[in-house]
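Working through the structure, step by step
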Amino acid sequence: MCGIVGYVGSGETVKILCRGLKGLEYRGYDSAGIALSERKGINVVKAVGKLENLEQKLSGQDFSTAGAGIGHIRWATHGGATLKNAHPHVSEDGRTVLVHNGIIENYKELKQNLQNKGYHFVSETDTEVVVQQIEEELKEAASPTEAVLKTMNKLRGAFALAVMNTDFPGKIVVAKRNAPLIIGQGKNGNMAASDLPAMAGEVERVIYLDDDELAEISEDEIKIVNAAGQVVSKTFKPFNLAPEMLSKRGFAHFMLKEINEQPGIVRRMLQKYLSEKGVQLSGLNLSWEDIRNLTKIEVAACGTSLHAATAGKYLIEDLAGITVEVEPASEYIYRKHPESRNVLVIGVSQSGETADTITAVRQAKERGAHVLAVTNREDSSIVRYADSVIGLEAGIEVSVAATKSYTAQLAVFYLLALYLAQERQALDEDCLRQTEQALQAVPSQMEEILANAAVVRRCAEKYQDARDFIYVARGVNIATAMEGALKLKEISYINASGYPAGELKHGPIALLDEKMPVLSILMPGSQNYDKLLSNSQEAKARQARMIAVTSSADRQLENLFDDIIRVPQVPELLSPLTANIPLQLLAYYMAEKLGRDVDKPRNLAKSVTVE
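We now turn to the structure provided with this report. Counting from 1, residues in each chain are numbered in the order their sequence is written. In keeping with the model being predicted, local features are shown solely for residues with a pLDDT of at least 70 and side-chain atom pairs are shown and tallied solely at 80 or more, while totals for entire chains, interfaces and linings include all residues. With hydrogens and water excluded, all non-hydrogen atoms of the structure serve as input to the side-chain values.

Looking now at the side chain of E572. Strands are runs of DSSP state E lasting at least 2 residues, helices are runs of H or I lasting at least 4, and numbering of each runs from the N terminus. Note that E572 resides in the loop between β26 (563-566) and α18 (576-593). Type-normalised accessible area, obtained with a 1.4 Å probe on protein chains alone, sets the label of each residue: buried when under 20%, exposed when over 50%, and partly exposed for intermediate values. This count recognises Lys and Arg as positive and Asp and Glu as negative, with His and chain-terminal groups excluded. The salt bridge definition used is simple: a Lys or Arg side-chain nitrogen within 4 Å of an Asp or Glu carboxyl oxygen. The side chain of E572 sits in the buried core without any salt bridge; R474 is the nearest counter-charge, 10 Å away. Contact definition: two residues touch when any of their heavy atoms are within 4.5 Å. The contacts of E572, once residues within four sequence positions are left out, are V476, M523, P524, G525 and S526.

Structure follows, in structure tokens:
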């Protein structure tokens, strides 16, 4: 969940590293640091908190002789967010310095062995064990590359490493296993980083390291070897992520920009996959016979992706008639799955680097299931274990709180459900065409909601004093309620929970009083519409402050709800695409009013690369 960057070249090393770390901020972090290879040796500077704190420490110093450097933003796992635990970490003899993304599972065993040999440790991290082990290997190894290779073969867990050594100036050694690492070539030098945004504007071509590969990087050469020390040949691909793609484009925050990008994303996805002939999912490599024989679909996901999968369960079961099981990937990987034949396993991950979800799809593939990866990054780790891949095509999502990627995931599940229904002939032709036509109209309806965002802003101002919040819905919008609650708690730090409305009276109703807002997602056309009205009346009877998100023109709602946010009328099954936008805006405006760091909420990471 950390991020690393390395640079060797003739450019301004400190500026390039700091820009690289800014490109990784979205991953979440609580400290930052860089190490510079200078004529006088290695210089390490680190700070707790935001990158501004690191930049303040660096300002005014002369680093003109630094021809190489490595940088790190840390999201604390082993040890608190303190200066001694911040990266980079230095070996006991001061010759080797290292940054690390991941978790070393056998660090205690390695640490004990090193302590028995007289090594002393100053941090609480698992990372310091790696740099001390490299020092130990350098006693016999001919180069840092050989020492890193020997060390890597003793590590268990996930890691992306960048290493420098005073005896080999102008070189960086990088290695990876179960964590992303990209190498880039530029006019003024070469780079390595955890993700592409760290290299925007600096490199022209990139390659992706595979697991258990190492690279020795200098200004004019990149040498890659595998775990056996054999040289590996890789072909660089053009790098086309321009810096302006990471700009806010006039919006106050990346989150607000990304909310406003959603209609265009859905429109592009529909244009790509949906035509007059129906849905064609080019990324799904299942034959007609495979699709007809499917007995079950299993979906593993985390966080926001789990909520999209929950909506997907309703869509696929309703339209295609296939049983769907949805489970947090962190639980899926520790449970037995007796069925593998005729089972489609879907792993949903925005980044494609979510450790639990990657483990889930890897296990499914080993069992013989067909694996479909739904990801925003078709160059990510999850793709290696997939038989089929459907990309979200949402572009880089900078804000930690997922918005446009959630909507893109929903769009994938709509397309998948319609495709399966079409191929299995689960719906008659007229019903399919009507649903597809209604789906085509949704992007324009989403734009209409965004054009009336002032209504949501006023609602946010009214309820910004709330310390708790409850969201309720029934049917397919249970996922919308859970996602809306997650967005609010993520960026405003207000304790919010999403429930099936029928469960309100089975415990949560005890929380209701005149201070508690309850938001009901009420979409006409649902067989549960009247039931949800009754649930809302039960909350109103307990003096709860009532809000409705609805497309209904029903005038009785005005007597029940204190505030009503109306969205365009769509078929109830499509309403998660429209109902979610006001909830995203509500969370955004409330967080903004409370002065929160909207794009980088505390304790959160965009790409959760540890289990």
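From this point on, the discussion continues.
For the rest of this paragraph, the subject is the pairing of strand β8 (residues 172-177). Counting buried positions over the 6 residues of β8 gives 6, a clear majority of the element. Here β8 shows a buried face lined by I172, V174 and K176 and a second buried face lined by V173, A175 and R177. Strand pairing is assigned whenever DSSP detects at least two bridges linking the two strands. As paired strands, strand β7 (residues 157-165) and β8 are joined by 5 bridges and run antiparallel to one another. Paired with F159 across the two strands is R177, which belongs to β8. Here β7 folds back onto β8 in antiparallel fashion, the turn holding 6 residues, of which G170 has a positive phi close to 75°. Direction of pairing for β8 relative to strand β12 (residues 213-217): antiparallel, over a ladder of 5 bridges. Directly across from I172, in β12, lies its bridge partner I217.

On to the environment of E393, then. For E393, the position within the fold is in the loop between β21 (388-391) and α12 (404-424). Each C-alpha atom, one on E393 and one on Q271, is 12 Å from the other, the two residues being 122 residues apart in sequence. Those residues in contact with E393, other than ones at most four positions away along the chain, are I265, R268, K272, Y273 and N376. By the criterion applied in these results, polar contacts are pairs of N or O atoms within 3.5 Å in which, for protein atoms, one can donate a hydrogen and the other can accept it, and in which residues neighboring in sequence qualify only through two side-chain atoms. A distance of 2.4 Å separates a polar atom in the side chain of E393 from a polar atom in the side chain of K272.

As a general feature of sheets, a regular strand has side chains that alternate between the two faces. Buried residues dominate strand β17 (residues 296-301), accounting for 6 of its 6 residues. By the alternation rule, side chains of β17 split into K296, E298 and A300 and I297, V299 and A301, which are all buried. Note that β17 and strand β18 (residues 323-328) share 6 bridges and pair parallel. Bridge pairing links E298 to E325 in β18. Think of it like this: strands point away, you trace from the first strand over the helix to the second, and a clockwise trace means the crossover is right-handed. For the segment spanning β17, helix α9 (residues 303-320) and β18, crossover handedness is right-handed. Two strands pair when backbone bridges link them, and β17 and strand β19 (residues 343-349) are joined in this way by 6 bridges, in the parallel orientation. By the bridge assignment, A300 is partnered in β19 with G347.

Below, the discussion takes up the sheet that holds β17. Pairing between the strands of a sheet is mediated by backbone hydrogen bonds and can be parallel or antiparallel. Taken in spatial order, the 5 strands make up an open sheet running β18-β17-β19-β20-β21, and their pairing is parallel. Of all strands in the sheet, those bounded by a partner on one side alone are β18 and β21. Between one strand and the next, the sheet's axes are offset by a mean angle of 20°, whatever the strand orientation. Running over the sheet, helix α11 (residues 355-367) touches β17, β19 and β20 (370-375) and is turned about 160° from β19. Strands β17, β19, β20 and β21 of the sheet are contacted by α12, whose axis makes an angle of about 165° with β19. Only the stretch in contact is used when fitting a helix axis, every axis being a line fitted to C-alpha atoms; angles between N-to-C directions are given from 0 to 180 degrees.

Per the stated rule, a full pass over the model turns up 40 salt bridges. Among the salt bridges present, the one from K187 reaches E204, with a minimum N-O distance of 4.0 Å. In this pair, K187 is assigned in the loop between β9 (182-186) and β10 (189-193) and E204 in the loop between β10 and β11 (205-208), connecting sequence segments 17 residues apart. When its relative accessible area of 31% is taken as the criterion, E204 is described as partly exposed.

Bringing the packing of aromatic side chains into the picture now. Stacked, tilted and edge-to-face are the three classes assigned to paired rings of Phe, Tyr and Trp, where Trp is represented by its six-membered ring and a pair needs centres within 6.5 Å; plane angles under 30 degrees give stacked, over 60 edge-to-face, the rest tilted. This structure, assessed with the given rule, holds 3 aromatic pairs. Ring geometry for Y463 against F469: centres 6.3 Å apart, planes inclined by 70°, an arrangement best described as edge-to-face. A ring is scored as having a charge over it whenever the NZ atom of a lysine or the CZ atom of an arginine sits within 6 Å of its centre and within 35 degrees of its normal. It is K111 that lies over the ring of F121; its NZ or CZ is 5.2 Å from the centre.

Our next topic: the sheet that holds β12. Spatial ordering of the open sheet is given by β5-β6-β7-β8-β12-β13, a layout of 6 strands whose pairing is antiparallel. In this open sheet, the two strands that pair with only one neighbour each are β5 (89-90) and β13 (222-226). Note: strand β6 (residues 96-104) against β7, 9 bridges, orientation antiparallel. Looking across to β7, one finds that V99 is bridged to A162. Against the sheet, helix α5 (residues 144-152) engages β7, β8, β12 and β13, with an angle of about 20° to β8.

This brings us to the packing of α12 against α18. Between α12 and α18, the shortest axis-to-axis distance is 11 Å and the interhelical angle comes to 170°. Our classification of the angle between α12 and α18 gives roughly antiparallel. Along its contact with α12, which presents Y406, T407, L410, A411 and Y414, the element α18 presents P576, L577, N580 and Q584. We call Asp, Glu, Lys and Arg charged. Ala, Val, Leu, Ile, Met, Phe, Trp, Tyr, Cys and Pro are nonpolar, and the rest, Gly among them, are polar. Across the contact of α12 with α18, the residue classes break down as 6 nonpolar, 3 polar and no charged. Here the word oblique covers every angle except those under 35 degrees (roughly parallel), over 145 (roughly antiparallel) and from 65 to 115 (roughly perpendicular).

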